[in-house]
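Close look at the chain arrangement
Each chain, letter by letter, is given below.
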Amino acid sequence: MRLIKAIIRPDRLNDVLKALYGKEVRGLTVSRVQGHGGEMETVETYRGTTVKMELTEKVMLDIGVSEPFVEPTVEAILEAGRTGDVGDGKIFVFPVERIYRIRTGEEDKAAVTPVK
Amino acid sequence: MTYRSMCLTLLFMIIGCSSGVAEQVGEAGISPANTVWMLVATALVLLMTPALALFYGGLVRSKNALNTMMMSFIALSVAGVLWPLIGYSVAFGKGNAFVGDLSMAFLNGVGLEPKGAIPHLLFFAFQGTFAIITLALISGAVVERMRFATYLIFIAIWSVVVYAPVTHWVWGGGWIAEMGALDFAGGAVVHINAGAAAVVAALMLGTRRDYGRQALLPHNVPFVLLGAGILWFGWFGFNGGSALAADSVAVLAFVNTMLAPAGTVLVWTLLDMVRIGKTTAVGVATAIVVGLVAITPAAGFISPGFAIVLGALAAAPSYSALLWRARTRLDDSLDVFAAHGVGGITGALLTGVFAEEAVNGIADGLFFGNVEQFFVQAISVIAVFMYSALLTFLILKGLSLAMPLRVASKDEGIGLDIVNHGEEAYTSGEGALLLLDDEAPGVIINQTNREIDSGSKLPVDTTTG
């Protein structure tokens, strides 16, 4: 079991979701986050105030999957999330100790296998 | 002319106040009551453009909210400058049947002398507010992708070569006026004109990058409702003021402006109920605008009962046009054509049906036995639509040879607020570093990042050269 945490561009989210659904990855959590990942800052001006925006809007996906789904999930995000410019984001893959499905109490692999 | 001003004039003439005679005669032709109403009406119509900015701004995604609202706001300046310089003269100068002359360019001869029963300068200002909102209306077809600089040049040219001549045809003594077409407050001049330009502009620019692949949803529906509400408020000046006097025709137009959208909203919500089983807020806001557009050409010519009927009849054509449009590759993003084009055409044609000589002594329509009026209306609709469409095509074609019409695909992803304006509509300020004078734009920022990202073209490039 792995937890895949991906940080992507907000405007790639729809494509990434589509790609994930295409690979039968259905359980995920999405959060709006702000971050900084080496891309160039934008400069904004409000009357006399000029600011450098250090943080960029990003979207973070948390996806818990069983082993066979790790590669397809990563591939889907890599393909659909990529624009080729700095700021496309990162994917982190973590080992997971245990997973429970709250509704049934199922554990581990059963807990992350989509209900048919 | 009021009793009081007549007395004053007489008094001065009797006393023989030699130096003031010419001026007194000028004042004498002006009605204070009409002047007051037209001052208010002009301010009301001006308010419609910020209202439209809210209406349009709420309908786009948050990353394009400022850009969309700026497209309306900047029209206040573009037409505000070009209308006195040249537009007004092209529209209302004597000229020929197709275009006015330049005798009144730079406001030459446009002063405080009477034009009708109000000062000429006031008539000029009232008409100027119409030029402004017509430009702003077109922007709804090109939002979320058009380059702001190109848009500026486009509406500047359009205001002089399309808006002003069409105004001349209809209101400046041109051929459509000669033909006897009825357009009380700008169904053809403003709405069909902008609707036609919108279709062509949307086709010329192409669809938004994500159009047809993703749902592009309104980011603030309360803005849309507020905008529609203020538009309705301003429209009392638009239609009521088009009587150019504080008289009974103004009252008729005013009341019709109140009633027609009510009819449209009623039918629109019923159509919503039948189609999806729910009444939608965006639908009500849209219906208000459609009803207002449809009553515009008819406002001073039809009775209040028929105003409700006209409003009700106007719902279905625009409603179907909206549904049809969304299934095509025509990305008229905020449905300027469905609301203003189709609404304007429905209104202009129905003016030819419900016009009633008994109401204000001008002309009867089809419903009262005057079949010819209907066809005169149809000719004016077709002529304005074709001219606007053709000229819009030529202007944009010309501009496309000199500059890009739209922003880069990547910039569409970032959003036009940041790319074209260097601002965001909703920024928390988190992670914003204040730049002091010595590191303000013009100085290269964050050298390391620039090296990493030398291939990128984020907006910072434009400010650092």
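What chain B contains, in helices and strands, is 19 helices and three strands. Within the span of chain B, comprising 465 residues, buried residues form 54% of the whole. Contacts spanning at least 24 positions in sequence make up 76% of the contacts within chain B whose residues lie at least 6 apart. For chain B, the accessible surface area stands at approximately 18,500 Å², while carbon and sulfur atoms represent 70% of it.

Next up on the list: helix H12 (residues 304-326) of chain B. All names here are of chain B. Between the first and last C-alpha of H12 there are 34 Å, a value that for 23 residues agrees with the 33 Å anticipated at 1.5 Å per step. Among all positions of H12, only Phe306, Ala307, Leu310, Gly311, Ala314, Ala315, Ser318, Tyr319, Ala321, Leu322 and Arg325 are buried. For H12, the secondary structure elements touched by its buried residues are helix H10 (248-276), helix H11 (281-295) and helix H13 (336-354).

With that out of the way, let us pick up the confidence of the model for chain B. Residue and element names in this part refer to chain B. When pLDDT is averaged across chain B, the result is 90; 88% of the residues are at 70 or more. Taken as a whole, residues 10-26 scores under 50 in pLDDT and shows three contacts with residues more than four places along the chain or in a different chain. Within the model, pLDDT remains below 50 along residues 442-465, and this stretch shows 41 contacts once partners closer than five positions in the same chain are excluded. As a predicted assembly, this complex carries a pTM of 0.87 together with an ipTM value of 0.83.

With respect to the helices, strands and loops of the structure, Asp62(A) is situated in strand E5 (residues 56-65). Asp62(A) has contacts with Leu3(A), Ile4(A), Lys5(A), Leu28(A), Thr29(A) and Ser31(A), leaving out every residue within four places of it along the chain.

On to the sheet that holds strand E4 (residues 49-53) of chain A. Read across the sheet, three strands follow the order E3(A)-E4(A)-E3(B) without closing on themselves; strand pairing throughout is antiparallel. Where the open sheet ends on each side, the last strands, each with one partner, are strand E3 (42-46) of chain A together with strand E3 (432-435) of chain B. Each adjacent strand pair in this sheet contributes to an overall mean axis angle of 35°, direction not counted. Relative to E3(B), E4(A) runs antiparallel, the two being bridged by four bridges. When the sheet's bridge partners are listed, Lys52(A) is paired in E3(B) with Leu433(B).

For the rest of this paragraph, the subject is the side chain of Ser380(B). Residue and element names in this part refer to chain B. The topology assignment puts Ser380 in helix H15 (residues 371-402). Overall, Ser380 belongs to the buried group, its relative accessible area being 4%. Among the polar contacts made by the side chain of Ser380, one reaches the main-chain carbonyl oxygen of Gln377 at a distance of 2.7 Å.

A word on the layout of surface pockets. Here the second largest pocket is characterised by a volume of approximately 880 Å³. Sort the elements by how many residues they give to the lining of the second largest pocket and H12(B) lands first, with five residues.

Another point: the nonpolar core. Nonpolar side chains in soluble globular proteins tend to end up buried together. Residues and elements named next belong to chain B. The biggest cluster of nonpolar side chains holds 123 residues, and the ones touching the most others in it are Phe55, Phe154, Trp158, Leu231, Phe238 and Ile302. With twelve residues, the top contributor of residues to this core is helix H5 (residues 120-138). With near-sequence residues (within four places) excluded, Trp158 lies in contact with Thr134, Leu135, Ile138, Tyr163, Asn193, Ala194, Ala197, Ser388, Thr392 and Ile395.

Moving on, we come to a nonpolar patch on the surface. Residues and elements named next belong to chain B. A surface patch of nonpolar side chains, about 300 Å² in accessible area, is lined by Val81, Leu85 and Phe106. In this fold, Leu85 is placed in helix H4 (residues 65-92). Classification of Leu85 by relative accessible area gives partly exposed; the value is 33%.

Geometry of a packed helix pair, given as the angle between the helix axes and the separation of the axes. Residue and element names in this part refer to chain B. The contact between H13 and H15 brings their axes to 7 Å, and the two run at 155°. In terms of axis orientation, H13 runs roughly antiparallel to H15. Every pair of crossing elements has a handedness; the one defined by H13 and H15 is right-handed. Contacts between H13 and H15 involve Phe337, Ile345, Ala348, Leu349, Thr351, Gly352 and Val353 from the former and Gln373, Phe374, Gln377, Ala378, Val381 and Phe385 from the latter.

Another point: unusual backbone geometry. All names here are of chain B. For Leu107, which is not glycine, the phi torsion reads 60° and is therefore positive. Residue classification places Leu107 among the partly exposed residues on the basis of a relative accessible area of 27%. Residue Leu244 is not a glycine yet carries a positive backbone phi of 60°. The partly exposed category is assigned to Leu244, whose relative accessible area is 30%.

Next up on the list: the sheet that holds E5(A). What holds strands together in a sheet is hydrogen bonding between their backbones, with the strands either parallel or antiparallel. Residue and element names in this part refer to chain A. Within the open sheet, the four strands sit side by side as E2-E5-E1-E6. Their pairing is antiparallel. The strands lining the two open edges of the sheet, one partner per strand, are strand E2 (29-35) and strand E6 (90-95). Averaged over all neighbouring strand pairs, the angle between strand axes comes to 20°, with direction disregarded. Helix H1 (residues 13-22) contacts strand E1 (2-8), E2 and E5 of the sheet and is inclined by roughly 10° relative to E5. Set on the sheet, helix H2 (residues 67-81) makes contact with E1, E5 and E6; between it and E1 the angle comes to about 5°.

All names here are of chain B. Along the chain, the position of Ala75 falls in helix H4. In this structure Ala75 comes out as buried when scored by relative accessible area, which is 0%. A C-alpha to C-alpha distance of 7.8 Å links Ala75 and Ile155, two positions 80 residues apart in sequence. Filtering out sequence-adjacent residues up to four positions away, Ala75 remains in contact with Gly80, Ile132, Leu135, Ala136 and Ile155.

In this section: the pattern of salt bridges. One pass over the structure, following the stated rule, counts 22 salt bridges over all chains. Arg209(B) is paired through a salt bridge with Asp11(A); the nearest N and O atoms lie 3.1 Å apart. Here Asp11(A) lies in the loop between E1 and H1 and Arg209(B) lies in the loop between helix H8 (187-205) and helix H9 (221-240), a pairing that spans two chains. When its relative accessible area of 24% is taken as the criterion, Arg209(B) is described as partly exposed.

Here Leu78(A) lies in helix H2. Leu78(A) sits ten residues away from Asp88(A) along the chain, and the two C-alpha atoms are 9.3 Å apart.

Attention now goes to the environment of Val99(B). All names here are of chain B. With respect to the helices, strands and loops of the structure, Val99 is situated in the loop between H4 and strand E1 (114-115). Judged by relative accessible area, Val99 falls into the partly exposed class, the value being 33%. Along the sequence, Val99 and Leu252 sit 153 residues apart, while their C-alpha atoms lie 31 Å from each other. With near-sequence residues (within four places) excluded, Val99 lies in contact with Val90 and His168.

Reading the values: the criteria
Residues numbered from 1 in each chain as written. Chains lettered and ligands numbered in written order. Predicted model: local features only at pLDDT ≥ 70, side-chain atom pairs only at ≥ 80, totals over all residues. Heavy atoms only, no water. Helix = DSSP H or I, 4+ residues; strand = E, 2+ residues; numbered from the N terminus. Buried < 20%, exposed > 50% of the residue type's maximum accessible area, 1.4 Å probe, protein only. Contact = heavy atoms within 4.5 Å. Areas by Shrake-Rupley, 256 points an atom, 1.4 Å probe, with all protein chains shown as cover. Expected span 1.5 Å × (residues − 1). pLDDT = per-residue confidence, 0-100. Pairing = 2+ DSSP bridges. Axes fitted to C-alpha atoms, helices over the stretch in contact; angles between N-to-C directions. Polar contact = N/O pair within 3.5 Å; in protein donor to acceptor, adjacent residues only side chain to side chain. 1 Å grid on protein atoms, 1.4 Å probe; cavity = no way out; pocket = protein on both sides within 12 Å on 5 of 7 lines; lining within 4 Å. Points joined across faces, edges and corners; volume = space filled by probe spheres on them. Core = buried A, V, L, I, M, F, W, Y, C linked by side-chain atoms within 4.5 Å. Patch = residues over 30% accessible without salt bridge, like charges linked within 9 Å, V, L, I, M, F, W, Y side chains within 5 Å. Salt bridge = Lys/Arg side-chain N within 4 Å of Asp/Glu carboxyl O. Parallel < 35°, antiparallel > 145°, perpendicular 65-115°, else oblique. Left-handed = near helix turned anticlockwise from the far one by under 90°.

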